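Okay, here's what each chain looks like letter by letter:
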Amino acid sequence: MTKQEYMERMEHEEDWAPGWDAIEAEFERLYPGVEPAHYGTAIQARAMFGGNCFLDGYSVYDSGKGYQHIVSFGMSELYANEEAFGGKYSRWGYEMTIKLKEDRAEDCLWAMDVMSNLARYTYTTERFFESGECIPGNGTSLHVGTDSLITALITVNDTTAKTRDTLHGELGFIQLVGITEAELDAIRKDQKNIGILLERMRKDDPELITDMRRDFSYI
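By the naming in an unreviewed UniProt entry, the chain is Suppressor of fused domain protein, taken from Candidatus Onthocola gallistercoris.

Listed below in structure tokens is the structure:
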């Protein structure tokens, strides 16, 4: 699509969201025929309107393999924007994902809160996430109010969602992977332990699904 064609479509379709379409296209490739559960944030709560929500929504896809695959909407440029057309990256260049060992989308709402907090951190500090980083928590379960050993996160390129070239630039998918406090302590002692941990986790689970019921550590 040329810039002129882009501008003409933007002029005639006020709600055109090519970035949003690109995200959905990738997940439709992964889960053909699956209708996701979508959770949108309230318009008045969004940062562009003075609120503190920096994401426009989340979609949860049932993988059919015992986990839910969640993707955020808002870390990348979602809507038609003359300045964003043809850029190298789509805003921050990625959307966040997580694969949760759950049977229902309703059981994943807490993970959306985690994504929302991480989005707020990035937008307010301008520090974005890349693959191979560690995100510590406060030492308690990531799912507030539950008893779980999973207290922190590491980031990887999503194990199944592929980077896409969009009208707004490159769009990747950064997957959040839950880890235990013991694993976090090992990483704090030596960053090389991220690679060791991921290697061990992938032997059991190549898709790096976060299981909040996991009762052991890999390191």
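Caption draft 1: Focus on the pattern of salt bridges. One pass over the full model with this rule turns up 12 salt bridges. The partner of Glu26 in a salt bridge is Arg29, with the nearest N and O atoms 2.6 Å apart. Of this pair, Glu26 and Arg29 both sit in helix H2 (residues 18-30), 3 residues apart, which is roughly one turn of the helix. Of the residues examined, Glu26 reaches a relative accessible area of 2% and is grouped as buried. Judged by its relative accessible area of 39%, Arg29 falls in the partly exposed class. Its salt-bridge partner being Asp185, residue Arg188 comes within 3.8 Å of it at the nearest N-O pair. Taken together, the positions of Arg188 and Asp185, both in helix H4 (residues 181-189) and 3 residues apart, correspond to about one turn of that helix.

Caption draft 2: Focus on the UniProt feature "domain: Suppressor of fused-like" (unreviewed entry) in the chain. Per the UniProt annotation, the sites labelled "domain: Suppressor of fused-like" (unreviewed entry) are residues 55-214. End-to-end, the C-alpha atoms of residues 55-214 are 29 Å apart, and along that stretch the chain is 24% helix and 31% strand.

Caption draft 3: Main features of the packing of aromatic side chains. Scanning the entire structure with this criterion turns up 11 aromatic pairs. Centre to centre, the rings of Phe27 and Phe173 are 5.6 Å apart; their planes meet at 70°, and the pair counts as edge-to-face. With a gap of 146 residues between them, Phe27 in helix H2 and Phe173 in strand S8 (residues 169-180) connect regions that are remote in the sequence. Note on accessibility: Phe27 and Phe173 belong to one class, buried. Among the aromatic residues, those joined into a ring-pair cluster are Phe27, Tyr31, Tyr61 and Phe173. A cation over a ring is seen here: Arg214 above Phe216, with NZ or CZ 5.8 Å from the ring centre.

Here is what the cut-offs are and how they apply
- Residues numbered from 1 in each chain as written.
- Predicted model: local features only at pLDDT ≥ 70, side-chain atom pairs only at ≥ 80, totals over all residues.
- Heavy atoms only, no water.
- Salt bridge = Lys/Arg side-chain N within 4 Å of Asp/Glu carboxyl O.
- Helix = DSSP H or I, 4+ residues; strand = E, 2+ residues; numbered from the N terminus.
- Buried < 20%, exposed > 50% of the residue type's maximum accessible area, 1.4 Å probe, protein only.
- UniProt positions renumbered as here; feature names shortened; annotations may be inferred.
- Phe/Tyr/Trp six-rings, centres within 6.5 Å; stacked < 30°, edge-to-face > 60°.
- Lys NZ or Arg CZ within 6 Å of the ring centre and 35° of its normal.

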